[in-house]
Structures are given as C-alpha cells and as structure tokens.
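# Notes for the structure review
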Amino acid sequence: MKRLLSILITVLMVATVFVGCGKDKAASSDKIKVGLSLPTQREERWVRDKAKMEAVAEEMGIELIVKVADANMQEQTTQVEALLNQGIDVLILAPHDASAAASLVEMAKKDDVPVISYDRLITGTDKLDYYLSFDNVKVGEIQGKFISEMVSEGNYIIMSGAPTDNNAKLFKEGAMKYIQPLIDSGKINVIAEQAVENWVPENALKIVEAALAANDNKVDGILAPNDGTAGAAIQALAAQGLAGQVPITGQDAEKSAAKRIMEGTQSMTVFKDTRDLGKAAIEIAVKIAKGEKVETNSAVDNGVVEVPTVSLDAKVVTKDNIKEVLIDSGYMSEDDLK
C-alpha cells in the first residue's frame, strides 16, 4: 500500500511539474510580437521612425522585431518571410515598392497576420487592413502652394520621388494642383520634369546639373520632393554660384535641411512628426493584436479597395516659424541648427 501511495505521489508531482511548465509557456506567449519592415535607413526620417517605434514598443512591453530592406524589394520579401516565420501577431510594413509589396500582404494573410501599411500605401491588394500616414496629397499641396506663390513666373525644375513609392505620386499630385494652372497659362516654363529613382540624392543632383547646363543656369524655382533631393539640388546650384538665389522646396524636416533654411539656401520643408506616426503604429498594432477597435479618420483608395486610414497632419516650416515648430516642440535643439 505504501509503495502504491509513493507511486501515486510521484506521478502527481511529475504531472504538477508539467502543468506548471505549460502555464509558464502560455504566459510567455501572451507577449505581443510585432514585425516591422522598413525600406531604408538612408534618410534621417526613417532612422527617427525606427527609434521611436522601438522606444514605444519597449514602454508598452511589446516585442518588436525590426528588419531594414535597404531599398531592395527582394531583400524586403526575404525579411518579411523571416518575420512571419518568427510568429509575429501583426506586421507593420513600409514598402520599398508599393505595388510589389501586395504579394507580401497576401503572404501575411495566409498566416492570418494583419498588416498595417506604414507611411507608404501598399497598392493592388484587397487584403490590407490599415494604412497609417500623413495626408500626402496635402503635403504636396503645401509644397506646390509655397513655391508657386514665391515664384509665379519663370523656369521650373520639377522633381518627384521614386516611381515605386505611391507617396511620390500623391506628393506630386498635390503640388501640381497649384503649379499646373501656371504652366497652362504660360507663366511657368518647365525646363526639367523627372522622377528621382529610389529618392537617391545623387540622382537628383544629376537631374538639376543637366537642367542647368541645358538652360544656361536660368532657373527660377525648384520643386524638390524631399530634403535629400533638395540638398542635392542646392549642391548643383552652389556649383554655379546660385545657392540661395533659387527658391526650393523640401520635406521631412531633417536637421541638414533646417540648417539650410536658416542659412537661406533652402526655402522650406514639410514637417511630418514621425514621433506621432511611430507611436500610432505601435498603438494600432497592439489594438489589432488584442482584437480591439481601431479608430480611423479617412479611407484611401489603393487601386482595389478603400483602405481604412489613420491620417496625421503636416506643417510647413520656414525660417519664420522654424523655432516654434521644430525647436519648441522638442523635435530638434537649438544646437541642431548651428
């Protein structure tokens, strides 16, 4: 009898150990796991996005696995496959190529993983769950309104962003709302109009250099889609002694651009507070993972469906308000402008 009792106690002890292990495993699996796929870290703004999301994820106790594709769609595909294999609950995807990334959304859906299209809209799929960005048409409108009011007549160089980035299309659409009527009336003469492959500044430099050479340096305004391309355009202008003489737009409120604005070589930038965007991305991912409702404020057509969208506001930054918008908000310090 004693022997039987001993065996029963041993069995119960072993069972308790296994049950305990099972509980620990379940508890550890409760931690939300989010995959983040970014297209690049070449621009300052993407570095800021990554840093903010990592900080917010840590604060919220979320496991965030980050992959950076370095402007390579094949690499992004491989990385997203790896994220899905790691059992993520939600995928935050900022695509290198808007249309090609549709296949990544489809891939995630096969694993029942919801997808948030981050900052850049993924087109050509009806499986996308949410889109989080700024109102990119309005961003372009801010640029177009600014440059057309500064220069309502003369020669223009019009650059747009990467053809693979749907945002580039939206930026230009917004800008041309103000510029196109002046072109149609004959007030503005476009001496160069070209997309900048991969947003690479060196490509923008070549566009502006060629336009200046072909038109005896006669340029009155430049629509540059972001701060990186603006910096390259200013480099080309400086080589001809024209830096500070030609109004030029920008976007992203990079430190280098802020310095150029203070120096007078860049006319403006558009401030999209990526702190808000990054924070919102993690918060939305957590709500999705928990099965909670996500509040949206618009919907954007991706060519197949109207994607539920959370859209944030952007602001114009000039020398007149740079302290108020960038310094007082804590986005930059006074030293960043020196």
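Refer to the preceding data block for the structure.
Now for a look at the structure at hand. None of these values were measured; they are calculated from a predicted model.

### A closer look at the overall build of the protein
In terms of helices and strands, the protein carries 11 helices and 12 strands. On the principal axes, the C-alpha backbone points of the protein span a range of 105 × 45 × 35 Å. Within the protein, the fraction of its 338 residues that count as buried is 50%. Across the protein, the fraction of contacts at a sequence separation of at least 24, relative to all contacts at a separation of at least 6, is 71%. In the form shown here, the protein has an accessible surface area of approximately 15,700 Å², with 50% of it arising from carbon and sulfur atoms. Averaging the coordinates of the 37 positive side-chain charges in the protein and doing the same for the 51 negative ones gives two points 6 Å apart.

### Description of the layout of surface pockets
By volume, the largest pocket amounts to about 150 Å³. Looking at the lining of the largest pocket, the elements that each hand over two or more residues are strand E5 (130–134), helix H5 (136–150), strand E10 (298–301) and strand E11 (306–312). Split by residue class, the lining of the largest pocket holds six nonpolar, five polar and one charged.

### Comments concerning empty space enclosed by the protein
Counted under the stated rule, the structure contains two cavities of 30 Å³ or more. If you add up the space inside the largest cavity, you get close to 130 Å³. Lining the largest cavity are 13 residues, and of these Arg 45, Trp 46, Arg 120, Trp 199 and Asp 252 sit closest to its centre. Counting only elements with at least two residues in the lining of the largest cavity, the list comes to helix H2 (44–60) and helix H6 (166–184). Of the residues that constitute the lining of the largest cavity, the class distribution is three nonpolar, three polar and seven charged. Estimated volume of the second largest cavity: approximately 50 Å³. If you go around the second largest cavity, the residues you meet are Gln 143, Met 159, Ser 160, Gly 161, Ala 168, Phe 171, Lys 172, Ala 175, Leu 223 and Pro 225.

### Considering the environment of Asn 217
Relative to the assigned elements, Asn 217 resides in the loop between helix H7 (201–214) and strand E8 (221–223). When the C-alpha positions of Asn 217 and Val 300 are compared, they lie 40 Å apart, and in sequence the two are 83 residues distant. In this view, Asn 217 contacts Leu 212, Gln 240 and Leu 242; residues no more than four positions away in its chain are not counted. One polar contact links Asn 217 to Gln 240, side chain to side chain, over a distance of 3.1 Å.

### Some remarks on the environment of Ile 157
Positionally, Ile 157 belongs in strand E6 (residues 154–160). We classify Ile 157 as buried; its relative accessible area is 0%. In the structure, Ile 157 is positioned 113 residues away from Glu 44 in sequence and 24 Å away in space, judged by C-alpha atoms.

### Details of the pairing of strand E1 (residues 33–38)
Counting buried residues along E1, five of its six residues qualify, which places the element largely inside the surrounding structure. The sheet contact formed by E1 and strand E2 (residues 63–68) spans six bridges and is parallel. Residue Ser 37 lies in a different strand from E2, and its bridge partner there is Lys 67. Read from E1 through H2 to E2, the crossover connection turns out right-handed. Strand direction decides the pairing type here: E1 and strand E3 (residues 90–93), joined by four bridges, are parallel. Its bridge partner being in E3, Leu 36 is matched across the sheet by Ile 92.

### Re the sheet that holds E2
Strand order in the open sheet formed by seven strands is E2-E1-E3-E4-E5-E11-E10, and the pairing between neighbours is mixed. Where the open sheet ends on each side, the last strands, each with one partner, are E2 and E10. The average angle at which neighbouring strand axes cross in this sheet is 25°, direction not considered. Inspection of the sheet shows E10 paired to E11 by four bridges, in the antiparallel sense. Counted as the bridge partner of Ala 299 is Pro 308 from E11.

### What to know about H5
Between its first and last C-alpha atoms H5 spans 21 Å; for 15 residues at 1.5 Å apiece the expected length is 21 Å, and the two agree. Taken together, the buried positions of H5 are Asn 136, Val 139, Gly 140, Glu 141, Gln 143, Gly 144, Phe 146, Ile 147 and Ser 148. Contacts made by the buried residues of H5 are with E5, E6, H6, E8, strand E9 (269–271) and strand E12 (315–317). Between the side-chain oxygen at the start of H5 and the backbone nitrogen of Val 137 there is a gap of 3.4 Å, and the oxygen is on Asp 135.

### Re the sheet that holds E8
With respect to topology, three strands assemble into an open sheet ordered E7-E6-E8, the strand pairing being parallel. Bordering the open sheet on either side are strand E7 (188–195) and E8, each of which pairs with just one other strand. The average undirected angle you get between the axes of adjacent strands in this sheet is 15°. The pairing of E6 with E8 spans three bridges and is parallel. The partner of Tyr 156 across the bridge, within E8, is Gly 221.

Each value, and the rule that gives it
Residues numbered from 1 in each chain as written. Predicted model: local features only at pLDDT ≥ 70, side-chain atom pairs only at ≥ 80, totals over all residues. Heavy atoms only, no water. Helix = DSSP H or I, 4+ residues; strand = E, 2+ residues; numbered from the N terminus. Buried < 20%, exposed > 50% of the residue type's maximum accessible area, 1.4 Å probe, protein only. Contact = heavy atoms within 4.5 Å. Areas by Shrake-Rupley, 256 points an atom, 1.4 Å probe, with all protein chains shown as cover. Lys, Arg positive; Asp, Glu negative; His and termini not counted. Charge placed at Lys NZ, Arg CZ, Asp CG, Glu CD. 1 Å grid on protein atoms, 1.4 Å probe; cavity = no way out; pocket = protein on both sides within 12 Å on 5 of 7 lines; lining within 4 Å. Points joined across faces, edges and corners; volume = space filled by probe spheres on them. Nonpolar A, V, L, I, M, F, W, Y, C, P; charged D, E, K, R; others polar. Polar contact = N/O pair within 3.5 Å; in protein donor to acceptor, adjacent residues only side chain to side chain. Pairing = 2+ DSSP bridges. Right-handed = clockwise from strand over helix to strand, strands pointing away. Axes fitted to C-alpha atoms, helices over the stretch in contact; angles between N-to-C directions. Expected span 1.5 Å × (residues − 1).

Interpretation in functional terms is not warranted from these geometric data alone.
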